[in-house]
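Below, each chain spelled out in residue letters.
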Amino acid sequence: MIKLVNQYLSLNFYLNIKEEFEESFLSHPNYPSVFAITDSLDMLSIENIAIKVPKEQLGELPISFLALFEGDLVLVTKNEKMIQIESERGVKTTLVIDDFCKGWSGVIIAIEPNQVITTEKESNIKWMAYSFPVLSSILLSIFYNNYSVSNAILLFTSLVGVLVSIFIVQEKFGVKNEIVSKLCNINPNASCDSVIQSHEGEINKWMSFTDLPLLFFSVNIVSVLLNPTYSSKIIALLSVISFPIIGYSIWLQKFKIKKWCMLCLAVSTILVLQGLVGYFLEQPLLSNVIFNDFSYLFSIVACTSLWFMIKPVLESKFKAENEVKELKKFKRSYTVFEFLSKEVPVKEGFAKLQGPQFGNPKSSIALTIILSPSCGHCHKAFEEAIHLVYKYPEKIFLNVLFNINPENNDNPYRAVVENLLEINNIFPEKIEKAISDWHIRKIGLDPWLKKWKVGVISMKVNQQIQQQYDWCLENEFNYTPVKIVNGKLYPNEYSISELKYFLNDFSEEKDAAEMESLVRL
């Protein structure tokens, strides 16, 4: 599903949020499902709709959309006469409209195109960062060494081999890649995952067949860059020696696993090509250079040592990431969230407490945060809360209160609360900037007072500070920040930013309550 949704996002110019979508979708408690897709899109503020439409209205739908076709999610691209569908396996099929309608359930997922066209700059920068040292090393080697045609071919094929080997390692660790997905699912008998994850490929607990291509081609590249003339002969000899291993790999895929790994076949093809090129151009079997060439031995020791240092780190990293995804699924369960939410001990008087307010008062989520101007954690709490309002202005209402002793004249930060509440009363259009200067920009007490001090503090403000302080005392809120959502204490196990995971749950809860009240009428 991820691959199709990412393609659909790209078609609608949402290029820079594909990673965010993937993280949200994979950690969704309802993964994989249509609801998990739409909920993740909602969380990213992408206007979307999942709906069942009459098949007669197919012509009125957008040029591209996601649809359920014969029980599977597909990416649909249409014109006046034909429909092209692409499956999760990357298989594209062109159908006439009538044939498409026979298999189409009528369910679609559509999104609003992004009005701001973005490009994948970050991805391009990463590729440039990775390729620059490689290209520099090749240019330096060409400058200091004499390259024959066979040397150049073996270097180029080894570079391609490393790239394919990286894809194999990614597949082993469960890292999905769009290019690999298309290649590995080119036909029903192809499955890189089945072959690469098979225990048949394990050599021992430290090494498997997936390590060998990466090590072999990496060693080849380093050794050719150091000494192209002698290293090429060794590469050719080892490639020829590997022919029986290639035969075993093909037998394993054909008769034992009964699935073809296109990446493995690509590695086999490169090895055969290197063996043939090297044998006919370098004639390695007539040379004894393998016994006196230091560059290849050095490359073996260096690359092997480096890989077995990096491999455990990568394994731990990907294992930890998978565990985090599973834990996120648990944490994002609304049932768990509700269980951890506690009732406010004393609700009486809460409705009378007034402070700066942001967002839509009629939204399904009413978030109240009780802050102290001298509390460092309060800065983060306010910043996360106001960013939620900025991102979901129609879905979240924020009310800011303060817990500060009005009788403590020694507290210099009392002036911050007094002036903020006064600004909120007389200059409400300035309150957002004033409170942001304190909690987000953190400009400091003296500069803040110099900029925002309003003069005389009204009796109304003093009374409000006292009421908020007394209410906190009554509830034994002797800490800040206190977070309250829809009248319940927000669980300490969640950061405020994680409230975005439950936007639809709160919205459905509100709709159900309104429907129930209408039924009673």
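Reading the values: the criteria
- Residues numbered from 1 in each chain as written.
- Predicted model: local features only at pLDDT ≥ 70, side-chain atom pairs only at ≥ 80, totals over all residues.
- Heavy atoms only, no water.
- Pairing = 2+ DSSP bridges.
- Helix = DSSP H or I, 4+ residues; strand = E, 2+ residues; numbered from the N terminus.
- Axes fitted to C-alpha atoms, helices over the stretch in contact; angles between N-to-C directions.
- Domains from an automatic or database assignment.
- Contact = heavy atoms within 4.5 Å.
- Buried area = accessible area lost by both parts, 1.4 Å probe.
- Salt bridge = Lys/Arg side-chain N within 4 Å of Asp/Glu carboxyl O.
- Polar contact = N/O pair within 3.5 Å; in protein donor to acceptor, adjacent residues only side chain to side chain.
- Core = buried A, V, L, I, M, F, W, Y, C linked by side-chain atoms within 4.5 Å.
- Buried < 20%, exposed > 50% of the residue type's maximum accessible area, 1.4 Å probe, protein only.

(A) Molecular detail of the sheet that holds strand 11 (residues 482-485). Across the sheet, which stays open at both edges, the six strands sit in the order 7-12-11-9-10-8 with mixed pairing between neighbours. In this open sheet, the two strands that pair with only one neighbour each are strand 7 (342-343) and strand 8 (357-359). Bridge count for strand 8 against strand 10 (residues 396-402) is three bridges, and the pairing is antiparallel. Across the sheet, the residue bridging to Gln357 is Asn399, located in strand 10.

(B) Up close: the sheet that holds strand 5 (residues 92-96). A sheet is described by the order of its strands in space; here six strands give the open sequence 1-6-2-3-4-5, paired in antiparallel fashion. The two strands at the open ends of the sheet, each matched to only one other strand, are strand 1 (48-52) and strand 5. Strand-to-strand twist in this sheet, taken as the mean axis angle between neighbours without regard to direction, amounts to 30°. By the bridge criterion, six bridges tie strand 2 (residues 64-69) to strand 3 (residues 72-78) in an arrangement that is antiparallel. Within strand 3, the residue paired with Leu66 across the bridge is Leu75.

(C) A look at the pairing of strand 4 (residues 82-86). Note: strand 3 against strand 4, four bridges, orientation antiparallel. Bridging from a neighbouring strand, Lys78 pairs with Ile83 of strand 4. Where strand 3 folds back onto strand 4 in an antiparallel hairpin, the turn is made up of three residues. With five bridges connecting them, strand 4 and strand 5 associate as antiparallel partners. Bridge assignment links Ile85 to a residue of strand 5, and that residue is Thr93. The hairpin formed by strand 4 and strand 5 contains five residues between the paired strands, and Gly90 there has a positive phi angle of roughly 85°.

(D) Region of the structure containing the domain arrangement of the chain. Split by domain assignment, the chain resolves into domain 1 (1-111), domain 2 (126-325) and domain 3 (344-509). The gap between the C-alpha centroids of domain 1 and domain 2 is 37 Å. Taken residue by residue, the interface counts 10 residues in domain 1 and nine residues in domain 2. Taking both sides of the interface into account, the surface hidden between domain 1 and domain 2 amounts to around 740 Å²; carbon and sulfur atoms contribute 49%. The largest per-residue losses of area from domain 1 upon contact with domain 2 belong to Lys3, Leu26 and Arg89, which jointly make up 59% of the total buried on that side. At the boundary of domain 1 and domain 2, one finds zero salt bridges. Counting every contact that joins domain 1 to domain 2 gives zero residue pairs in polar contact (both at pLDDT 80 or more). When residues of the side of domain 1 that touches domain 2 are traced back to their parent elements, those giving at least two are helix 1 (2-11) and helix 2 (18-26).

(E) The nonpolar core, seen in detail. Phe358, Ile369, Leu398, Val400 and Leu499 are the most contacted members of the largest nonpolar core, which totals 49 residues. Considering each element in turn, this core owes the most residues, seven residues, to helix 15 (residues 376-391). In contact with Leu499, other than residues within four places in its own chain, are Phe337, Ile365, Leu367, Leu388, Val485, Tyr490 and Phe506.

(F) Inspection of the pattern of salt bridges at higher detail. On inspection of all chains with the given rule, the structure shows 12 salt bridges. A salt bridge links Glu418 to Arg414; its shortest N-O distance comes to 3.2 Å. One end of the pair is Glu418 and the other is Arg414, both in helix 16 (residues 414-426) and four residues apart, which spans about a single turn. By relative accessible area, which is 14% here, Glu418 ends up buried. Relative accessible area serves as the criterion here: at 18%, Arg414 is assigned to the buried category. Within the structure, one salt-bridge network assembled from shared partners comprises Glu343, Lys347 and Lys488.

(G) Molecular detail of the environment of Phe167. Along the polypeptide, Phe167 turns up in helix 6 (residues 149-173). In this structure the C-alpha to C-alpha distance between Phe167 and Val180, which are 13 residues apart in sequence, comes to 7.0 Å. When sequence neighbours within four positions are dropped, the list of residues in contact with Phe167 reads Asn177, Val180 and Leu263.

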